[in-house]
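# Fold and geometry: a report
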Amino acid sequence: MIQTEVDNLKVNDFIVNPATSQLQKRENFYKLIILVLQIISVSTIIILVAVISIMVWFGSPMFAYPDRLLQMVTENKWFPEDHFEDGEYGALAAIAGTFMVGIPALILSIIWGVGLAIFLSEYTRESIARKIQPAVEFVASVPSVIFGMIAFTYFFSWFSEFFTQEWIRGIMLFFGYKVEVIPKGTYLAAAVALAFMTTPIIASISLDAMRSTPLMLRNSAKAFGATKWEIFKTVVYPHSKKTIFASILLGFGRAIGETMVVLMVLGNAPVLKLDLLVNGMTMTSVISGYWGEASEGSSLQAALFVLGLLLLSITAIVVYLASLITSENKAVFRFVDVLLKPFNYIGDGLGSMAQRFMQELELTEMQIAKMSKRRKLANIIIGVLLGTILLSFILAVYVSIGRFLISGMDYFFAPGETSSMYRINVTLRGDPKNTFVRLGLIGLFTAITGTISIVTMSAAISFPVATITGIYLSEFAPEGRLTIWIRQSIININAIPSIVVGLFVYALFSVGLNMGAGILPGSIALSIMMIPIITTNTIEALNNIPSHHMSSAIALGATRWEAFWKHKFPYALPNIFTGYLLGSARVSGETAPLLFTAATFTPPATPIPTNLTHQAIRVLPYEIYYRLLYTTTRVNGEKVGSDWAVAASVVLMLFVLTLTVAGYFVRTIIRRRYAYNGEI
Amino acid sequence: MSKQKTEIKEFNTPEEFYRKYLKIREEHRSKGFENQFPNFSDKETEVEFRNFHIAYEEKPWTLYNIDLKIPKNKIVAIIGPSGCGKSTLLRSINRMNEEMAKIRTQGEILIEGENIYSPKVNKMRLRTQVGMVFQKPQPFPRSIYENIAFGPKLHGIKKKEQLDRIVESSLQSVGLFEEIEGRLDDHAYGLSGGQQQRLCIARTIAVRPQIILADEPASALDPKSTYQIEDLLLKLKEDFTVVIVTHNMQQAARISDYSIFMYNGVVVEYDKTENIFEKPVYELTENYISGRFG
Ligand SMILES: Nc1ncnc2c1ncn2[C@@H]1O[C@H](COP(=O)(O)OP(=O)(O)O)[C@@H](O)[C@H]1O
Ligand SMILES: [Mg+2]
């Protein structure tokens, strides 16, 4: 018998009866807040529209010469002069090259990304898969300059060794390809490096989709005795194929928009040849490679903007296709289905739903009970194959990165004439006695402080905008056209190639608003890169918090804002903060947007810039790229540049790693405040 | 069984069902059955539904022509098969429906003679008058104290002593104060499921409503905690009007004074609980209560 004491209840102890004026005030505040959120969210639309208009505006001098536009996409002669009347503007090699890199990278990353996702979702226990997953996802935060360095340093010799083997030559010859001298940078090398970068994107999105297959569907397939592979084919694949295809397209968009790897590896040679083992160029490498020669208002500059616009259009189409697939547009989906037929065999004609599978099986239930040897074998073979794919990715990436970093450590710690301390000291502070200042012996210290400054400033600009947009979209945006536009803008900003962001910021801020190169225009460029990342992360963090806390608060008389502010936002903070740190890690390695807007090689007078504009700064990723340019320069018969570039890479990796690890720490630390046994 | 199935097919929207229901009701009345809903004087009435309709988004009416009075300081149970609109009916009393989806309404709900759907009414104030307890125990992931103090603080009570007394008296009224032995700063999730649900009731009481709405408050609890909650509701009716949705027929019979039987968005029968359970007027009600469908 349980006793409940009600005698003590004095209902009239306090009358909670809020004054009308107070209620009115709270309601007005709510309306005001929503308005502010809306206005700030709309800025994402403005960014997108601004990027497109500025690109068009700066490319417009070329629009007066339709024959030049035609030449750009049909000829392979690139000798720009000051005016469009003179010179040649055919960039066909670059346009073709973009796909010569993009398509092999796409194929490789589909095999790696989808393969390892299937392996982790179907063939591995979830607890183990969750331990392997971070190793895959971390690769996404490795800066592209570092992959550029790796491709530049190792792939050449690896490929040379591989393709000059007699038996490989034999096989290639059989297919009608005669392996000749392999140049230092090749399409294949760039494609492999790009595949390293896009695989984690495809893998992690696909894996999420595969994991979200309803347990009921899986279990019913299991109950009929389906093997792991059959469960995937008949239940998981139909459920997740849309997202898988969308992730592949997003990865492809990333790959063709990537700048640093192709710039460092390809050698910017106008070779128009259907061959992966040659030098080449892409749209991004042409834009960044020829930028230095383009004077303001020149025809070369306009041509580069038009090239950027073309690139932007291609990535926009890719993103559009991806969004069509994920919404219910069947026709387009079928089109892509056909396009990606090599992959589609997985669907194996059993594309529809689990039901059909079960109906089929019902007929032969007896046979199912004694699972045939053949099916068992197929299951095992496919499992081994997928496991090998996972292993090959992890090995390829981590062996490359590992070897590269170890060689960097060698630079500091290998025995030599000077002590390790001395070398670390010189790396950071420079060597005043050394006369080869131009070659980079000025120490990385100001590059580190420069990176910290610019990342901090980008954070200050982008976090508020992105967090507010995320909050607005996930909690307060009414269904309607404006909301759809904001959502679409974020998706599209995310897909803008980083080099185009650089062009835009250069045009609008460096030239248009006369900011020159400096930390402010640079931070604006990085902010544009960061806003979609943080917005998406904020939305996800908020979606992970159960909404019943807000309902309870509203039922107690809170406004929607009060309920959100007190009983949703704080609980999502740990994940929002993690997003901040991971986003910062991502952009701290960005180089392309800073090429024209902020970065310099000249050492500054102070570690932290004193002016927001007209004062270019040193940053680590640019340091790596610039020092690499001097690899072939010898000082007293000794190569200098590459060693320094490797040293700078080690420092940059440490920087990125620190931010990433801090991100996970922060989450666990802040979480303790509210969560009880991890529960919110 | 089969008869029931055809009926469900026949009247797929609440509106169509209501038309059919009216005919049956008239038939009954012509045969001399007395099947009026209970009537109360204005003084006895807490909530009055007047031809109230509600619909989600662009769908047809989910509740059709609800017209009844809920008496003060009584427990009224809403029963009926799932999806018939019990929760929607409950949530229309504190206007929580519109926080979950786009809705449209027709008709009125009066509390103290004022239509709560009139544009003049402040939803926040309404919700201090009409509190709500949800199906699963869902305390905030905060301390026990903060859980209860949230409501009063929100509505302008700032003094520590006042808050302390509200927290104490609210906890006492649900019988938790002694149980937790003053550990007010402990995390609410450390309590058992039943204690958490009582904490949620205390949190609702803390803003001093007149009406407490409870949507299957014990359905996620073990038998002992369920019993505790029922006991508590019985005592709370001295100070509050309680409207409870329940799937549990014994529970409705045990604690409620009046019962509302709903079917397909329509209130079919509303009467003293003993009448509903012992001599229901309609076959539909009888079938449901005897567990022939649900
Ligand atoms: N938030 C909502 N949005 C749209 N339709 C809803 C929503 N809540 C309930 N409904 C619909 O209203 C009807 C009644 O639901 P509900 O009131 O939850 O019934 P019950 O509580 O009796 O199970 C159902 O058909 C349900 O689909
Ligand atoms: Mg319900």
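Residues numbered from 1 in each chain as written. Chains lettered and ligands numbered in written order. Predicted model: local features only at pLDDT ≥ 70, side-chain atom pairs only at ≥ 80, totals over all residues. Heavy atoms only, no water.

Turning next to the overall build of chain A. From N to C terminus, chain A includes 27 helices and four strands. With 680 residues in all, chain A has 56% of them scored as buried. Of the contacts made within chain A by residues no fewer than 6 positions apart, 78% connect residues no fewer than 24 positions apart. As displayed, chain A offers around 30,400 Å² of accessible surface, 64% of which is attributable to carbon and sulfur atoms. (Helix = DSSP H or I, 4+ residues; strand = E, 2+ residues; numbered from the N terminus. Buried < 20%, exposed > 50% of the residue type's maximum accessible area, 1.4 Å probe, protein only. Contact = heavy atoms within 4.5 Å. Areas by Shrake-Rupley, 256 points an atom, 1.4 Å probe, with all protein chains shown as cover.)

So, on to the nonpolar core. One finds Phe 147 and Phe 155 of chain A together with Phe 49 of chain B to be the most contacted residues of the largest nonpolar core, which totals 247 residues. Broken down by element, this core gets its largest block of residues, 16 residues, from helix 3 (residues 92-123) of chain A. Aside from chain neighbours lying at most four places away, what touches Phe 49 of chain B is Ile 66, Asp 67, Leu 68, Ile 70, Leu 89, Ser 92, Ile 93, Glu 108 and Ile 109 of chain B. (Core = buried A, V, L, I, M, F, W, Y, C linked by side-chain atoms within 4.5 Å.)

The next subject is a negative patch on the surface. A surface patch of negative charge is lined by Glu 81, Asp 82, Glu 85 and Asp 86 of chain A. With respect to the secondary-structure elements, Glu 81 of chain A resides in the loop between strand 1 (78-80) and strand 2 (87-89). (Patch = residues over 30% accessible without salt bridge, like charges linked within 9 Å, V, L, I, M, F, W, Y side chains within 5 Å. Salt bridge = Lys/Arg side-chain N within 4 Å of Asp/Glu carboxyl O. Lys, Arg positive; Asp, Glu negative; His and termini not counted. Charge placed at Lys NZ, Arg CZ, Asp CG, Glu CD.)

Residue and element names in this part refer to chain B. The immediate surroundings of ligand 1 are formed by 13 residues, with Gly 83, Gly 85, Lys 86, Ser 87 and Thr 88 found nearest. One of the side-chain N or O atoms of Ser 87 is found 2.7 Å from an oxygen atom in ligand 1. Here ligand 1 loses 67% of its free accessible area of 560 Å² to cover by the protein chains. Partitioned by chemical class, the residues of the shell around ligand 1 number four nonpolar, six polar and three charged. (Near = heavy atom within 4 Å. Polar contact = N/O pair within 3.5 Å; in protein donor to acceptor, adjacent residues only side chain to side chain. Nonpolar A, V, L, I, M, F, W, Y, C, P; charged D, E, K, R; others polar.)

Considering all chains together, one arrives at 46 aromatic pairs over all chains under this definition. With centroids separated by 5.3 Å and ring planes inclined at 40°, the aromatic side chains of Tyr 65 of chain A and Phe 84 of chain A adopt a geometry described as tilted. A residue pair is termed long-range when its members are at least 10 positions apart, and Tyr 65 of chain A in the loop between helix 1 (20-63) and helix 2 (66-74) and Phe 84 of chain A in the loop between strand 1 and strand 2 qualify at 19 residues. Take Tyr 65 of chain A: its relative accessible area is 24%, and that puts it in the partly exposed class. Between Tyr 154 of chain A and Trp 158 of chain A, the ring centres sit 5.5 Å apart and the planes meet at 15°, which makes this aromatic pair stacked. You can see Tyr 154 of chain A and its partner Trp 158 of chain A sitting in helix 5 (residues 144-163), four residues apart, about one turn around the helix. Taken together, the aromatic side chains of Trp 112, Phe 147, Tyr 154, Phe 155, Trp 158, Phe 159, Phe 162, Phe 163, Phe 196 and Phe 393 of chain A make up a single cluster linked through ring pairs. Over the face of the ring belonging to Trp 61 of chain B we find Arg 104 of chain B, whose NZ or CZ atom lies 4.9 Å from the ring centre. Its guanidinium or amino end placed over the ring of Phe 140 of chain B, Arg 203 of chain B lies 4.4 Å from that ring's centre, counting from NZ or CZ. (Phe/Tyr/Trp six-rings, centres within 6.5 Å; stacked < 30°, edge-to-face > 60°. Lys NZ or Arg CZ within 6 Å of the ring centre and 35° of its normal.)

Listed as interface residues are 45 residues of chain B and, on the opposing side, 43 residues of chain A. Summing the contributions of chain B and of chain A, the shared interface buries around 4,300 Å²; its carbon and sulfur component is 63%. Taking the shortest distance from any N to any O, the salt bridge between Arg 560 of chain A and Glu 99 of chain B comes out at 3.5 Å. Seen at the junction of chain B and chain A, the total is nine residue pairs in polar contact (both at pLDDT 80 or more). Mapped by element, the contributors of at least two residues to the side of chain B that touches chain A are helix 5 (123-129), strand 6 (130-133), helix 6 (144-154), helix 7 (160-173), helix 8 (193-205) and helix 9 (223-236) of chain B. Looking at side-chain class alone, the side of chain B that touches chain A contains 19 nonpolar, 15 polar and 11 charged residues. (Buried area = accessible area lost by both parts, 1.4 Å probe.)

With 44 residues, helix 1 of chain A extends 63 Å between its outermost C-alpha atoms, agreeing within 8% with the 64 Å of an ideal straight helix rising 1.5 Å per residue. Along its length, helix 1 of chain A reaches its greatest deviation from straightness, about 35°, at Trp 57 of chain A, and the proline Pro 61 of chain A lies no more than four positions downstream. (Expected span 1.5 Å × (residues − 1). Bend = angle between axes of the 7 residues up to and from the residue.)

Right, let's get into the packing of helix 19 (residues 445-476) of chain A against helix 26 (residues 620-629) of chain A. All names here are of chain A. One can describe the packing of helix 19 onto helix 26 by two numbers: an axis separation of 8 Å at closest approach and a directional angle of 135°. Relative to helix 26, the element helix 19 is oriented oblique. Each of Ala 447, Ile 448 and Thr 451 in helix 19 lies in contact with helix 26, whose residues at this interface are Leu 620, Pro 621 and Glu 623. Split by residue class, the contact of helix 19 with helix 26 holds four nonpolar, one polar and one charged. (Axes fitted to C-alpha atoms, helices over the stretch in contact; angles between N-to-C directions. Parallel < 35°, antiparallel > 145°, perpendicular 65-115°, else oblique.)

All names here are of chain B. Across all of its chains, the model carries 25 salt bridges over all chains by this definition. Of the charged contacts in the structure, one is a salt bridge between Glu 98 and Arg 95, with a shortest N-O distance of 2.9 Å. Looking at Arg 95, the relative accessible area reads 11%, which means it is buried. With a closest N to O distance of 3.0 Å, Arg 198 and Glu 179 form a salt bridge.

Taking 1.5 Å per residue, 32 residues should reach 46 Å; helix 19 of chain A reaches 45 Å between its end C-alpha atoms and fits that length. Of all 32 residues in helix 19 of chain A, 24 are buried; the element is thus mostly enclosed.

In any sheet, the strands associate via hydrogen bonds between backbone groups, in a parallel or an antiparallel arrangement. Residue and element names in this part refer to chain B. Spatially, 2-1-4-5 is the arrangement adopted by the four strands of the open sheet, whose pairing is antiparallel. Where the open sheet ends on each side, the last strands, each with one partner, are strand 2 (63-71) and strand 5 (114-115). Relative to strand 4 (residues 103-111), strand 1 (residues 45-56) is paired through eight bridges, and the arrangement is antiparallel. Of the residues in strand 4, the one forming a bridge with Glu 48 is Leu 110. Lying over the sheet, helix 3 (residues 86-93) contacts strand 1, strand 2 and strand 4, oriented at roughly 120° with respect to strand 1. (Pairing = 2+ DSSP bridges.)

All names here are of chain A. A cluster of nonpolar side chains, Phe 162, Trp 167, Ile 171, Phe 174 and Phe 175, forms an exposed patch at the surface whose accessible area comes to about 650 Å². Relative to the elements of secondary structure, Phe 174 occurs in helix 6 (residues 166-174). For Phe 174, a relative accessible area of 69% corresponds to the exposed category.

All names here are of chain A. The topology assignment puts Ala 645 in helix 27 (residues 641-671). Take Ala 645: its relative accessible area is 0%, and that puts it in the buried class. In this view, Ala 645 contacts Met 149, Ile 624, Arg 627 and Leu 628; residues no more than four positions away in its chain are not counted.

All names here are of chain B. The buried fraction of strand 7 (residues 211-215) amounts to five of the five residues, a majority that puts the element mostly inside the structure. The side-chain alternation of strand 7 yields two buried faces, one formed by Ile 211, Leu 213 and Asp 215 and the other by Ile 212 and Ala 214. One ladder, built from five bridges, connects strand 7 with strand 8 (residues 241-245); its direction is parallel. The partner of Asp 215 across the bridge, within strand 8, is Val 245.

Turning next to the confidence of the model for chain A. Confidence in the prediction for chain A averages 85 pLDDT; 87% of positions are at 70 or higher. With pLDDT under 50 throughout, residues 634-638 of chain A is counted as low confidence; its partners more than four residues away or in other chains account for six contacts. (pLDDT = per-residue confidence, 0-100.)

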